[in-house]
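# Commentary on secondary and tertiary structure
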Amino acid sequence: MEKSSYRVWLWLGLVVFLLAGCGPRRAASSESPAPETPVSRSIKVRVVQAERGTLSTMRTTGATLSPVRESQVGATASGKVLEVRVAEGSRVAQGQVVLRLDPANAQTALRNAELALQQAQVNLERAQRSTSGSLAPLQASLESAQANLQVAERRYVEGQQLFKAGAISQVELTGLEAAYNQARAAFDNARENLARTQRASSEDLALLRLQVQQAQNQLAQARRAVADTEVRAPFAGVVVEIFVNPGEFVSAGQRAFRLADTSQLEATFRLPPEEAATLPLGTRVEVLYGGNNYPATLRKSSKVPGTDRLVELTAQVEGSLPPGASVQVRYSLSLAQGSLLPAGALRTEGRNTYVFVVQDNKAVRTPVRVLGDTGTRVAVEGVNGPVVFPVPSSLSDGDAVEVVQ
């Protein structure tokens, strides 16, 4: 009985102790938490202004340098090559002798032409002297016949007057008339002889003068043939290649050496037709070689694509560069006109491209159409005003934004 009472009191004491320890916690847990006050969120962004303009980019392509003027110089005479006076790669002046041919045959022809001219001149001079000697008597005979005609005519006229006056008879008048007719016939005959001789002499002299002129032409031709045995540079430049050697026989017109004017070079390159169309003649480009930039001007364009579907263009280079060198041509290419933006301002979703435009402190998703892209810059259509760039990854359409510098 005493043990059971003791246990009851022990359990009661334990319960009281537990109730005393739990009372404050229950009171504290019964208090409801205070409601939180909502705070508006604003994303700080930077913006760029979309401005109208032309989107351009710099591009490069390979090119080969070649002289603006180059010539395959041929021999203008036939003969054996006696000597080559310059080496390949040598610079020569205009008119400088590059190689000599054997002039023996040409010099013999020259001497023969000189003799032929002398002979023709002697023949002409002899004929002129002979003509002068043969015409002098005929001229004197004509003058004498003319004087006799004048005397006979005067006597006949006087006889007619005397006959009318009855001072002479009909027989005497008839004699005067016969003398006049005879003198007139003699004059006509002398005049015809002189004219015939003059015509013959003139034709002979004309033929001889033609022979002299022909001999002069042959002499000039022979002199040119001698000069042609020296093959000269038609313009100043560099002898790029020599095609003949001493001792070889060359024919007239056979190429002898290649000459290039390296003072002016041109770069030839090829571009797609759509790019070539944006580069009119006179466009300035740059030639890159050896770490240096050389200005150049576009001078020629084939306009029509070749078999490789590319258009050939040629630019004249300013500066001293080696012919045949491989270079790079850098040119500015206009891609499109539109609103210019950094490429990073664009966002895509499926096939749609858009940007965020700031309007009334909010980010407004605005669709755009891309007109051109350089990789770092784009030209678009459909946007004006400030555009968010760079674009925060958490930015969404309608978010409140604060533009910062």
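Residues numbered from 1 in each chain as written. Predicted model: local features only at pLDDT ≥ 70, side-chain atom pairs only at ≥ 80, totals over all residues. Heavy atoms only, no water.

## Observations regarding the environment of Ala-140
Heads up, the rule is: Numbering of helices and strands runs from the N terminus, with a helix taken as a DSSP run of H or I at least four residues long and a strand as a DSSP run of E at least two residues long.
Considering the arrangement of structural elements, one finds Ala-140 in helix α2 (residues 104-165). Put simply, Ala-140 and Ala-190 are 50 residues apart on the chain and 9.2 Å apart in space, counted from C-alpha to C-alpha.

## Things to note about the sheet that holds strand β5 (residues 97-101)
Basically, it comes down to this: At least two DSSP bridges between two strands are needed for those strands to be called paired.
Strand order in the open sheet formed by four strands is β6-β5-β3-β8, with antiparallel pairing between adjacent strands. Two strands in the sheet have a free side with no partner beyond their single neighbour: β6 (230-232) and β8 (249-250). Pairing of strand β3 (residues 79-84) with β8 involves two bridges; the strand directions are antiparallel. Bridge assignment links Lys-80 to a residue of β8, and that residue is Phe-249.

## Concerning the nonpolar core
Worth spelling out the cut-off: We define the nonpolar core as a collection of buried residues of types Ala, Val, Leu, Ile, Met, Phe, Trp, Tyr and Cys that are connected through side-chain atoms lying within 4.5 Å of one another. Burial classes follow relative accessibility: with a 1.4 Å probe on protein chains only, a residue under 20% of its type's maximum area counts as buried, one over 50% as exposed, and anything between as partly exposed. By definition in these notes, contact holds between two residues if any of their heavy atoms fall within 4.5 Å.
The biggest cluster of nonpolar side chains holds 23 residues, and the ones touching the most others in it are Leu-65, Phe-269, Val-287 and Val-317. When contributions to this core are tallied by element, the ones reaching two or more residues are β2 (47-74), β9 (255-271), β10 (284-289), β11 (292-301), β12 (311-317) and β13 (326-342). With residues up to four places along the chain from it excluded, the contact list for Leu-65 reads Leu-265, Glu-266, Ala-267, Val-317, Leu-321, Pro-322, Pro-323, Gly-324, Ala-325 and Val-327. Residues Val-86, Val-231, Val-250 and Leu-259 belong to the second largest nonpolar core, which totals 19 residues.

## Let's talk about the pattern of salt bridges
Convention followed: Salt bridges are counted wherever a side-chain nitrogen of Lys or Arg sits within 4 Å of a carboxyl oxygen of Asp or Glu.
Counted under the stated rule, the structure contains 16 salt bridges. Note that Arg-270 and Glu-312 form a salt bridge whose closest N and O atoms lie 3.1 Å from each other. Placement of the pair is Arg-270 in strand β9 and Glu-312 in strand β12, with a sequence separation of 42 residues. Overall, Arg-270 belongs to the partly exposed group, its relative accessible area being 31%.

## Describing the confidence of the model for the protein
Our working definition: One number per residue, pLDDT, summarises how confident the predictor is, and it ranges from 0 to 100.
For the protein, per-residue confidence averages 86 on the pLDDT scale, and residues scoring 70 or more make up 90% of the total. Per-residue pLDDT, averaged within each element of the protein, yields its smallest value for helix α1 (residues 2-29) (48) and its largest for β5 (95). Here residues 22-31 is a poorly scored stretch, pLDDT under 50, and it has zero contacts once near neighbours within four places are set aside; other chains count.

## Quick notes on the side chain of Thr-283
Note the following rule: Pairing of N or O atoms within 3.5 Å defines a polar contact, subject to two protein rules: one partner must be a possible hydrogen donor and the other a possible acceptor, and residues neighboring in sequence count only if both atoms are side-chain atoms.
On the secondary structure map, Thr-283 appears in the loop between α4 (273-276) and β10. Among the polar contacts made by the side chain of Thr-283, one reaches the main-chain carbonyl oxygen of Pro-280 at a distance of 2.5 Å. Setting aside its immediate chain neighbours within four residues, Thr-283 contacts Ala-296, Thr-297 and Leu-298.

## A word on the pairing of β2
Both β2 and strand β19 (residues 385-388) contribute to a ladder of four bridges, which runs antiparallel. Bridged to Gln-49 within β19 is Pro-386. Judged from the 14 bridges that link them, β2 and β13 form a sheet pairing that is antiparallel. If you follow Ser-56 over to β13, its bridge partner there is Ser-334. When β2 meets β9, the two strands line up antiparallel, connected through ten bridges. Counterpart to Glu-70 in the pairing with β9 is Ala-260.

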